[in-house]
Amino acid sequence: MKYGIYYAYWEKEWGGQFLPYVEKCKRLGFDVLEVACGAFYKENDQFFRDLRSAAQDNGMLLSGGYGPRPEHNLASTDEAAVEKAFAFYADMFRKMELAGIDRIGGALYSYWPVNFSAPMDKPGDTARSIKRMQRLADMAADHGITLGMESLNRFEGYMINECYECVSYVKAVDRPNVKVMLDTFHMNIEEDSIPNAIREAGALLGHFHVGEANRRCPRPGGRFDWAEIGKALADIHYDGYIVMEPFVTMGGQVGKDISIWRDLSHGASEAELDQDAANSVQFLRSVIG
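*Asks:* It is not clear to me how unusual backbone geometry should be interpreted in this structure. Could you clarify?
*Replies:* Excluding glycine, most residues fall at negative phi; most peptide bonds, likewise, are trans. Cis geometry marks the peptide bond from tryptophan 112 to proline 113, where omega comes out at -15 degrees. For proline 113, the location among the structural elements is in the loop between strand S4 (103–106) and helix H4 (122–141). The phi torsion at histidine 237 lies on the positive side, around 60 degrees, for a residue other than glycine. Looking at where histidine 237 falls in the secondary structure, it is placed in the loop between helix H8 (226–235) and strand S8 (241–244). Overall, histidine 237 belongs to the exposed group, its relative accessible area being 69%.

Shown next as structure tokens:
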């Protein structure tokens, strides 16, 4: 198993400079740095070559995340917009390969966060999304990239809320590089049992996000039984990435999108945030292995 953290733990805006976090996360005890891919179109090729070199120099792995903007919604009825979305992803995948990023997860099947005041047709949207995801998966495969379909809670998405829906979607797409992606924060809201949902995903589980129910770093004495979660992962022989996705500070687009309306860090300095992350990954290694 490889343990990672999402760079936005320290940031208030999506995108930006990832290079400083490569060395930082290595120093804190992580194997993987996860970065946001939605702004890759703004960067030139050298940006991604430098990111790859930094990761290699530090013995770090990279993974990607993207909550698609509405204009990149593969379930849309607007065919012209969908074609533009494919062009956007083509550029993203090429740059991911340059950076050495071989996987990306999120609500790639739809968009995020969902505007629930807009009309939606879950059966029709799902059917359109599955067909287009097959095409997207084939594009990603050309660059050696795996796509993670993240199951989201009902307040952020509507198409895939529970593991069984994610499994059904992935099986319908039927591409080897399309996998189930689970996140303990979302599972805590929607699943009857987090360990049982992990077992339901089984061999289809391709990426796993972790965080406490309030989006703090995993820790002893929290709401989750991390040992039981680790046992479930062992039961399905999961050996992929476990990426921590904590969000604890207010402000910026990150704070707005994640709905952080209070300072969950209680005024922590950057050094204190670093130490909390380091303690957390050490804890996860001790209880999950």
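*Asks:* In this structure, what is going on with empty space enclosed by the protein? I would like to understand it.
*Replies:* Where empty space is left can be seen by rolling a probe of water-molecule size over the atoms. In total, this model carries 2 cavities of 30 Å³ or more according to the counting rule given. Put simply, the largest cavity is a space of about 40 Å³. What lines the largest cavity is simply Ala8, Tyr9, Glu11, Lys12, Phe247, Val248, Thr249, Gly251, Val254 and Gly255. The calculated volume of the second largest cavity comes to roughly 40 Å³.

*Asks:* Could you clarify how one ought to interpret the packing of helix H7 (residues 194–201) against H8 in this entry?
*Replies:* Axes are the key here: two packed helices are described by the angle between their axes and the distance separating the axes. Interaxial distance between H7 and H8 falls to 9 Å at its minimum, and their mutual angle equals 15 degrees. When the interaxial angle is binned, H7 and H8 end up roughly parallel. As for the relative orientation of H7 and H8, their crossing is right-handed in sense. Contact residues: H7 offers Ile194, Pro195, Ile198 and Arg199, while H8 offers Glu228, Ile229, Lys231, Ala232, Leu233 and Asp235. Class assignment of the residues belonging to the contact of H7 with H8 gives a composition of 6 nonpolar, no polar and 4 charged.

*Asks:* How do you make sense of the side chain of threonine 184 when you look at a structure like this?
*Replies:* You can see threonine 184 is positioned in helix H6 (residues 184–190). For threonine 184, a relative accessible area of 0% translates into the label buried. With near-sequence residues (within four places) excluded, threonine 184 lies in contact with Ile194, Phe208, His209, Val210, Gly211, Phe224, Trp226 and Ile229.

*Asks:* It is not clear to me how the packing of aromatic side chains should be interpreted in this structure. Could you clarify?
*Replies:* One pair of aromatic rings is described through two measures. These are the centre distance and the angle between the planes. Inspection of the entire model under this criterion finds 20 aromatic pairs. On the basis of an interplanar angle of 75 degrees and a centroid distance of 6.2 Å, the ring pair of tryptophan 14 and tryptophan 112 is categorised as edge-to-face. Of the two residues, tryptophan 14 is situated in the loop between strand S1 (2–6) and helix H1 (19–28) and tryptophan 112 in the loop between S4 and H4; the sequence distance between them amounts to 98 residues. Since its relative accessible area comes to 29%, tryptophan 14 is described here as partly exposed. Relative accessible area serves as the criterion here: at 15%, tryptophan 112 is assigned to the buried category. Taken together, a centroid distance of 5.6 Å and an interplanar angle of 40 degrees make the contact between tyrosine 66 and phenylalanine 88 tilted. Of this pair, tyrosine 66 sits in the loop between strand S3 (61–65) and helix H3 (79–99) while phenylalanine 88 sits in helix H3, and the two are 22 residues apart along the sequence. For the pair shown, tyrosine 66 and phenylalanine 88 are each scored as buried. Positioned above the aromatic ring of phenylalanine 185, the side-chain terminus of arginine 215 is 3.9 Å from the ring centre.

*Asks:* What am I meant to see in H4 here?
*Replies:* Because the α-helix completes a turn every 3.6 residues, residues three or four places apart line up on one side. Helix length check: H4, at 20 residues, gives a terminal C-alpha distance of 27 Å against a target of 28 Å (1.5 Å per residue), a fit within 8%. Where H4 is concerned, the buried positions are Gly124, Asp125, Thr126, Ser129, Ile130, Arg132, Met133, Leu136, Ala137, Met139 and Ala140. Taken together, the buried residues of H4 touch H3, strand S5 (146–150), helix H5 (163–173) and strand S6 (178–183). Put simply, aspartate 121 is the residue that caps the front of H4, since its side-chain oxygen is 3.2 Å from the backbone nitrogen of glycine 124.

*Asks:* I keep staring at the layout of surface pockets and nothing clicks. Help me out?
*Replies:* What the largest pocket holds in volume is close to 590 Å³. Only strand S2 (32–36), S4 and helix H9 (252–258) provide two or more residues apiece to the lining of the largest pocket. The element that contributes the greatest number of residues to the lining of the largest pocket is H9, accounting for 3 residues. Of the residues contributing to the lining of the largest pocket, the split by class is 15 nonpolar, 9 polar and 9 charged. The space that makes up the second largest pocket amounts to roughly 220 Å³. Around the second largest pocket, the lining comprises 14 residues; the ones closest to its centre are Asn73, Tyr111, Pro119, Asp125 and Tyr158.

Criteria and cut-off values
Residues numbered from 1 in each chain as written. Predicted model: local features only at pLDDT ≥ 70, side-chain atom pairs only at ≥ 80, totals over all residues. Heavy atoms only, no water. Helix = DSSP H or I, 4+ residues; strand = E, 2+ residues; numbered from the N terminus. Buried < 20%, exposed > 50% of the residue type's maximum accessible area, 1.4 Å probe, protein only. 1 Å grid on protein atoms, 1.4 Å probe; cavity = no way out; pocket = protein on both sides within 12 Å on 5 of 7 lines; lining within 4 Å. Points joined across faces, edges and corners; volume = space filled by probe spheres on them. Axes fitted to C-alpha atoms, helices over the stretch in contact; angles between N-to-C directions. Parallel < 35°, antiparallel > 145°, perpendicular 65-115°, else oblique. Left-handed = near helix turned anticlockwise from the far one by under 90°. Contact = heavy atoms within 4.5 Å. Nonpolar A, V, L, I, M, F, W, Y, C, P; charged D, E, K, R; others polar. Phe/Tyr/Trp six-rings, centres within 6.5 Å; stacked < 30°, edge-to-face > 60°. Lys NZ or Arg CZ within 6 Å of the ring centre and 35° of its normal. Expected span 1.5 Å × (residues − 1). Polar contact = N/O pair within 3.5 Å; in protein donor to acceptor, adjacent residues only side chain to side chain.

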